[in-house]
Amino acid sequence: MGYDNDQLLRNAMARTPEDETILDQSIAELPLSADFKERSTKMGFATLRQVTGCDKHWLHHHLYFSRAWYNELVLFLKKQGLLRMMNG
């Protein structure tokens, strides 16, 4: 199963700031796994905007960070057309 990179880019560019509101919703209310929600809470995150805005070095070295958690985050953001928010 491959991704059409051109289509993903067009979708991301077509989005407006209103599409980012999901980043400000409580992680507890989002359709993410229980493990994702638990790890997020242990790392001190209440919203995905907090996750995307944090220092990536700190994030990857946090005690409760896991590759599975990060992969779920990336897949969710990609599905929402918001993967660009991880750049920073």
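Note: the structure precedes this text.
Residues numbered from 1 in each chain as written. Predicted model: local features only at pLDDT ≥ 70, side-chain atom pairs only at ≥ 80, totals over all residues. Heavy atoms only, no water.

J.: Sorry, what's going on with the packing of aromatic side chains here?
T.: Working definition: an aromatic ring pair is given by the centre-to-centre distance plus the angle between the planes. Enumeration over the complete set of coordinates arrives at five aromatic pairs. Between the aromatic rings of Phe65 and Tyr70, the centroid separation amounts to 5.8 Å while the plane-to-plane angle is 50°, which identifies the pairing as tilted. Through pairs of rings, three or more aromatic residues link up here, namely Phe36, Phe45, Trp58, Phe65, Trp69 and Tyr70. (Phe/Tyr/Trp six-rings, centres within 6.5 Å; stacked < 30°, edge-to-face > 60°.)

J.: What am I meant to see in the pattern of salt bridges here?
T.: Counting across every chain of the model gives five salt bridges. A salt bridge links Glu20 to Arg84, with the nearest nitrogen and oxygen atoms 3.2 Å apart. Of this pair, Glu20 sits in the loop between helix H1 (5–14) and helix H2 (34–42) while Arg84 sits in the segment after helix H5 (67–79), placing them 64 residues apart in sequence. For Glu20, a relative accessible area of 16% translates into the label buried. Put simply, Arg49 and Asp24 hold a salt bridge, and the shortest N to O gap is 2.7 Å. (Salt bridge = Lys/Arg side-chain N within 4 Å of Asp/Glu carboxyl O. Helix = DSSP H or I, 4+ residues; strand = E, 2+ residues; numbered from the N terminus. Buried < 20%, exposed > 50% of the residue type's maximum accessible area, 1.4 Å probe, protein only.)

J.: It is not clear to me how the nonpolar core should be interpreted in this structure. Could you clarify?
T.: Most often, soluble globular proteins keep nonpolar side chains buried together rather than apart. Core analysis: the largest hydrophobic core is formed by 22 residues, its most contacted members being Phe45, Leu48, Leu59, Trp69, Tyr70 and Leu73. If you list the elements that add at least two residues to this core, you get helix H3 (48–53) and H5. Of the residues forming this core, the biggest block, six residues, is contributed by H5. With residues up to four places along the chain from it excluded, the contact list for Leu73 reads Phe36, Leu48, Val51 and Met86. (Core = buried A, V, L, I, M, F, W, Y, C linked by side-chain atoms within 4.5 Å. Contact = heavy atoms within 4.5 Å.)

Worth remembering: the numbers are spatial, not functional.
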